[in-house]
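Listed here are the chains, written in short residue letters.
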Amino acid sequence: MSSMTGKVVPCTMIKAIIIDDDMTTIDGLSNAVPWQRYNIELCATASNGQEGLALIEQHHPQLILTDIYMPVMDGIEMLKRVRAAGNDAEVIILSGYEDFKYAQSAVKLRVADYLSKPATIMEIEEVLRAVTERIAASRQGAQEGEELRELLELHRPVTRKLLQQGLLEANFTRTPFFEKACKQLQLSFDNQAFTIVLLEYGIPRSRHDVKRSDLYIYTYALSNLIEELSQDSREVLLANIEQHTIALIVRMPKHLREETIKQRVKYVAGQYTEKIKMYLKLEVWAAIGKTVYSVHELAAAFSAALDLLSKREYVHQQWLMEDQAEASQHAQELPRLTESYQQLIRHLLDGQQEMVEHGIGSISASLQQYEGLTVHMLKNAIVELIGMLTVALYDEGILFEDLQLRQQWHKEIDRIHHLNDYIDYMSELMLQACQVLANRGSHKHQRTVDFMKRYVQEHYSEDFTLDDIADKVFLTRNYLSQLFKQVTGENYNSYITRIRMEKAKEMMLSGKYKLYEISQMVGYKNNAYFSQQFKKYTGKSPSEFC
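Residues numbered from 1 in each chain as written. Predicted model: local features only at pLDDT ≥ 70, side-chain atom pairs only at ≥ 80, totals over all residues. Heavy atoms only, no water.

Participant: Summarise unusual backbone geometry; cite the residues concerned and give the values.
Facilitator: With the exception of glycine, the majority of residues adopt a negative phi angle, and the majority of peptide bonds are in the trans configuration. Positive phi values are uncommon outside glycine, yet Asn171 reaches one of about 70°. Its place among the elements puts Asn171 in the loop between α5 (121-166) and α6 (176-185). Look at Asn171 and you get exposed, because its relative accessible area is 58%. The backbone of Phe474 sits at a positive phi, close to 55°, despite the residue not being glycine. Along the chain, Phe474 turns up in the loop between α17 (466-473) and α18 (477-488). (Helix = DSSP H or I, 4+ residues; strand = E, 2+ residues; numbered from the N terminus. Buried < 20%, exposed > 50% of the residue type's maximum accessible area, 1.4 Å probe, protein only.)

Now the structure itself:
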């Protein structure tokens, strides 16, 4: 038995061991085969199966070249013990036993190839090339699989949040993302009844020590309280939380009587309202929607519950848990801006600054048409925006105080005396938030974007889409596209086109390939379309470039 010595090789090289009782074979293979060409490190050699087992345990090779007939222990018995120990190394058998009596045993032991002696160097290299390609592919697959498992675990909170918020959106429950997210989170919505509960909260008029503008401060504590209560309950899902309004989904077995479901939902709503009143001293109204028996009906039920809450009216099988007259004292003075603010903040979180600016312009145009506008209304409206913005930033790990404003927000509000003042201050708030999120977001999502880039660089020759990558990490296609643009500043489609075109340019300059081959090798099945894209990218047709 002898150990092979030489240059230090990188850890990514494939370790190999030769086991053969014929020293001529060992010397020939050791010296004649260009091992480094195939990224192989020849670690050691042995003259029988027993010595081979010891070396395999010591070096943990990914490739074993072995004879069948050897003294002390033959190759088949050695391989049985290797497989029994859980070793999945690729095996190439070199044997002079012409009728391959043990070929059937070798197949059961997962042997990669079987060459008869004497084999030519060309034959051996051909087998080595195929085996090393399989090992490299297996390594890449294992590495990608481990990375995906880590990313999926990292994304679980985001996936759950996207899923629960999406339940309130029309057609969301019929999307592929919904099905995949349910599977990844091990959630089932079958055979269940669902009821939307909306909780609207505010500061009681009797609390003269607290200003309405202080409401956003309570949102921190309220978020923690609601999430804690929801986590302790299997029947309640926190779908969304905004300043003023919380959306809960209460789910129960479908077979329960309707009256039983109603009473249970009223009890749950009462528990939440009482906890909020007890711990935060806030005033709370609860709107309970009609029970539905399919998850696909939740969006419509949510919309109906919103109408109920805004109108403060009793409807058959829908009710408020506070006196209607008392609730009417809190009617909105200004047409509700909540929906416009929600859309504005969604664009903010998606890194779409242009859409944020467009949304501010739309709000401005809408308010200019309102004849009863007062300074008091504008101040209340900006306080509502601050509250919603504070919650959104907090979810991203950013405090409102991190915004680089000219002075404290309450002092700025005192300076609002006209619609232009309101619009200017809203613009300053949102654009500062865009900047902070851009700076923070790149670092937070860098790992996911790095995976996307690496996937493109390793699979650019294949026919795949962004949906394929989104499926792997259990995020929506749109979310992944926005995340990529937010971190890199480049559209995903532009990035994959750039990678493919740069690879195409390299291949053209090498002079080794024909145009139709290059088109196929960089992922384009249609040669004419490839030429069109290449000219659009480089300004020259492929023939002009060469």
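So that's the structure; there's more coming.
Participant: Residues and numbers for the environment of Asp402, please.
Facilitator: The topology assignment puts Asp402 in the loop between α13 (375-395) and α14 (409-414). Separated by 30 residues in the primary sequence, Asp402 and Gln432 have C-alpha atoms spaced 9.3 Å apart.

Participant: Can you lay out the pattern of salt bridges for me, pointing to particular residues and giving the numbers?
Facilitator: Inspection of every chain in the model, using the stated rule, returns eight salt bridges. A salt bridge links Arg477 to Asp467; the nearest nitrogen and oxygen atoms lie 3.7 Å apart. Residue Arg477 is found in helix α18, and its partner Asp467 is found in helix α17; the two are separated by 10 residues along the sequence. Looking at Arg477, the relative accessible area reads 37%, which means it is partly exposed. A salt bridge links Glu502 to Lys505; the nearest nitrogen and oxygen atoms lie 3.4 Å apart. (Salt bridge = Lys/Arg side-chain N within 4 Å of Asp/Glu carboxyl O.)

Participant: A description of the pairing of strand β5 (residues 90-95) should follow, citing residues and the corresponding values.
Facilitator: With six of six residues buried, β5 lies mostly within the body of the structure. Residues Glu90, Ile92 and Leu94 of β5 are buried on one face, and the alternating residues Val91, Ile93 and Ser95, pointing to the opposite face, are buried as well. Relative to β5, strand β4 (residues 63-66) runs parallel, the two sharing four bridges. Each bridged residue has a counterpart across the sheet, and for Leu65 the counterpart in β5 is Ile92. In this fold, β4 hands off to helix α3 (residues 75-84), which returns the chain to β5; that crossover is right-handed. Of the strand pairs in this sheet, β5 and strand β6 (residues 113-116) are connected by four bridges, and their pairing is parallel. Within the sheet, the bridge partner assigned to Leu94 lies in β6 and is Leu115. (Pairing = 2+ DSSP bridges. Right-handed = clockwise from strand over helix to strand, strands pointing away.)

Participant: So what's going on with the side chain of Thr173? Residues and values would help.
Facilitator: When you line up the elements, Thr173 lands in the loop between α5 and α6. Overall, the relative accessible area of 6% leaves Thr173 in the buried class. A polar contact of 2.7 Å, which involves the side chain of Thr173, links it to the side chain of His296. Not counting the four nearest positions on each side in its chain, Thr173 is found in contact with Leu167, Phe178, Val295 and His296. (Polar contact = N/O pair within 3.5 Å; in protein donor to acceptor, adjacent residues only side chain to side chain. Contact = heavy atoms within 4.5 Å.)

Participant: How would you explain the nonpolar core if you had to name every residue and give the values?
Facilitator: Counting residues in hydrophobic clusters, the biggest one holds 37 residues, and the most contacted among them are Ile382, Tyr422, Met426, Leu429 and Met430. At the level of secondary structure, the elements contributing two or more residues to this core comprise α11 (338-349), α12 (353-368), α13, α14 and α15 (419-444). It is α15 that provides the largest number of residues to this core, a total of 11 residues. Apart from residues no more than four positions distant in its own chain, Met426 is found in contact with Tyr341, Leu344, Ile360, Ile363, Ile382 and Leu385. (Core = buried A, V, L, I, M, F, W, Y, C linked by side-chain atoms within 4.5 Å.)

Participant: An account of the environment of Val522 is needed here, citing residue identities and associated values.
Facilitator: Following the sequence through the fold, Val522 ends up in the loop between α20 (515-521) and α21 (527-538). Note on Val522: relative accessible area 0%, which makes it buried. Sequence separation between Val522 and Met501 is 21 residues; the distance between their C-alpha atoms is 7.7 Å. When near neighbours in sequence (up to four residues on either side) are disregarded, Val522 contacts Tyr460, Ser461, Arg500, Lys503, Ala504, Met507 and Phe530.

Participant: Could you give an account of α21, with specific residues and numbers?
Facilitator: The end-to-end C-alpha distance of α21, which contains 12 residues, comes to 16 Å, matching closely the 16 Å that a straight helix rising 1.5 Å per residue would cover. Looking at α21, one finds that the buried residues are Phe530, Gln533 and Phe534. Taken end-on, α21 shows its buried residues confined to a sector of 105°, consistent with a single buried face. When the buried face of α21 is taken as reference, the exposed residues oriented beyond 90 degrees from it are Ala528, Gln532 and Lys536. Contacts made by the buried residues of α21 are with α19 (492-510), α20 and α22 (542-545). Where α21 begins, one side-chain oxygen reaches toward the backbone nitrogen of Ala528, 2.9 Å away; that side chain belongs to Asn526. Of the residues flanking the end of α21, it is Gly539, one or two places downstream, whose phi is positive at about 85°. (Expected span 1.5 Å × (residues − 1). Arc of directions from axis to C-beta.)

Participant: Explain the packing of α19 against α21 residue by residue, including any values.
Facilitator: Look at α19 against α21: their axes get within 10 Å of each other, and the N-to-C directions meet at 95°. The pairing of α19 with α21 is recorded here as roughly perpendicular in orientation. Along its contact with α19, which presents Thr497, Arg498, Met501, Glu502, Ala504, Lys505 and Met508, the element α21 presents Phe530, Gln533, Phe534, Tyr537 and Thr538. A breakdown of the residues in the contact of α19 with α21 according to their chemical character gives six nonpolar, three polar and three charged. (Axes fitted to C-alpha atoms, helices over the stretch in contact; angles between N-to-C directions. Parallel < 35°, antiparallel > 145°, perpendicular 65-115°, else oblique. Nonpolar A, V, L, I, M, F, W, Y, C, P; charged D, E, K, R; others polar.)

Participant: If you had to explain the packing of aromatic side chains to someone new, which residues and values would you point to?
Facilitator: Overall, the coordinates contain 12 aromatic pairs when judged by the stated rule. Each ring, one from Phe172 and one from Phe178, has its centre 5.9 Å from the other, and the planes form 70°; the classification is edge-to-face. Residue Phe172 is classed as buried on the basis of its relative accessible area of 10%. Three or more aromatic residues joined by ring pairs form one cluster here, namely Phe172, Phe177, Phe178, Phe189 and Phe194. Between the NZ or CZ atom of Arg500 and the centre of the ring of Tyr524, over which it lies, the distance is 5.6 Å. (Phe/Tyr/Trp six-rings, centres within 6.5 Å; stacked < 30°, edge-to-face > 60°. Lys NZ or Arg CZ within 6 Å of the ring centre and 35° of its normal.)

Participant: So what's going on with the environment of Ile93? Which residues, and what values?
Facilitator: Examined against the element boundaries, Ile93 turns out to sit in strand β5. The class for Ile93 is buried, based on a relative accessible area of 1%. Put simply, Ile93 and Ala112 are 19 residues apart on the chain and 8.2 Å apart in space, counted from C-alpha to C-alpha.

Participant: Talk me through the packing of helix α2 (residues 49-59) against α3; I want residue IDs and the actual numbers.
Facilitator: The interhelical angle for the contact between α2 and α3, taken along N-to-C directions, is 25°, at an axis separation of 9 Å. Taken together, the axes of α2 and α3 are roughly parallel relative to one another. For the pair α2 and α3, the crossing hand works out as right-handed. Contacts between α2 and α3 pair Gly49, Gly52, Leu53 and Ile56 from the former with Met78, Arg81 and Val82 from the latter. In the contact of α2 with α3, the residues fall into four nonpolar, two polar and one charged. (Left-handed = near helix turned anticlockwise from the far one by under 90°.)

These results come straight from atomic positions and should not be treated as a statement about function.
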